[in-house]
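One-letter residues, chain by chain:
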Amino acid sequence: MFDAATETEPHWDEDIREDVLEECSKHGQVEHIKVDTVRQGGMVFVRFNSIDAATKTANALNGRFFAGRTIISAFLERSVYDEMVR
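Residues numbered from 1 in each chain as written. Predicted model: local features only at pLDDT ≥ 70, side-chain atom pairs only at ≥ 80, totals over all residues. Heavy atoms only, no water.

### Some details on the overall build of the protein chain
Along the protein chain, the regular secondary structure elements total 3 helices and 4 strands. Here the C-alpha atoms of the protein chain give a radius of gyration of 12 Å, agreeing with the 12 Å that 2.2 N^0.38 yields for 86 residues. Along the longest, intermediate and shortest principal axes, the C-alpha atoms of the protein chain span 35 × 25 × 20 Å. Here the protein chain holds 86 residues, and the buried ones make up 28% of them. Sequence separation of at least 24 residues holds for 48% of the intrachain contacts in the protein chain that already meet a minimum separation of 6. When the accessible surface of the protein chain is split by element, carbon and sulfur atoms take 49% of a total near 5,900 Å². (Helix = DSSP H or I, 4+ residues; strand = E, 2+ residues; numbered from the N terminus. Rg over C-alpha atoms; globule rule 2.2 N^0.38 Å. Buried < 20%, exposed > 50% of the residue type's maximum accessible area, 1.4 Å probe, protein only. Contact = heavy atoms within 4.5 Å. Areas by Shrake-Rupley, 256 points an atom, 1.4 Å probe, with all protein chains shown as cover.)

Structural data, given as structure tokens:
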């Protein structure tokens, strides 16, 4: 979704978080969001309160463009999610 190495604005990660929250909230209740500023690949992790909300969001966003980059949605087991957002 982004390339941390090219981001120059202060608090750019919070801007991305807010944008993602706004889009994801259209499909259900978001419980947690993390913009990963360390790993390569511009990953944003989002946890929902239901599988239905996660599925609707993944279907709506997968393949769309954000800042010129293609969004790729993937589901994670809760234990993997928790490990990734540490």
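Having put the structure on the table, let's press on.
### Details of the side chain of Asp36
Here Asp36 shows up in the loop between β1 (30–35) and β2 (44–48). Judged by relative accessible area, Asp36 falls into the buried class, the value being 4%. For Asp36, the side chain forms a polar contact with the main-chain nitrogen of Val38, separated by 2.9 Å. The residues touching Asp36, leaving out its near neighbours within four places in the chain, are Phe2, Met43 and Phe45. (Polar contact = N/O pair within 3.5 Å; in protein donor to acceptor, adjacent residues only side chain to side chain.)

That's the geometry; what it means functionally is another story.
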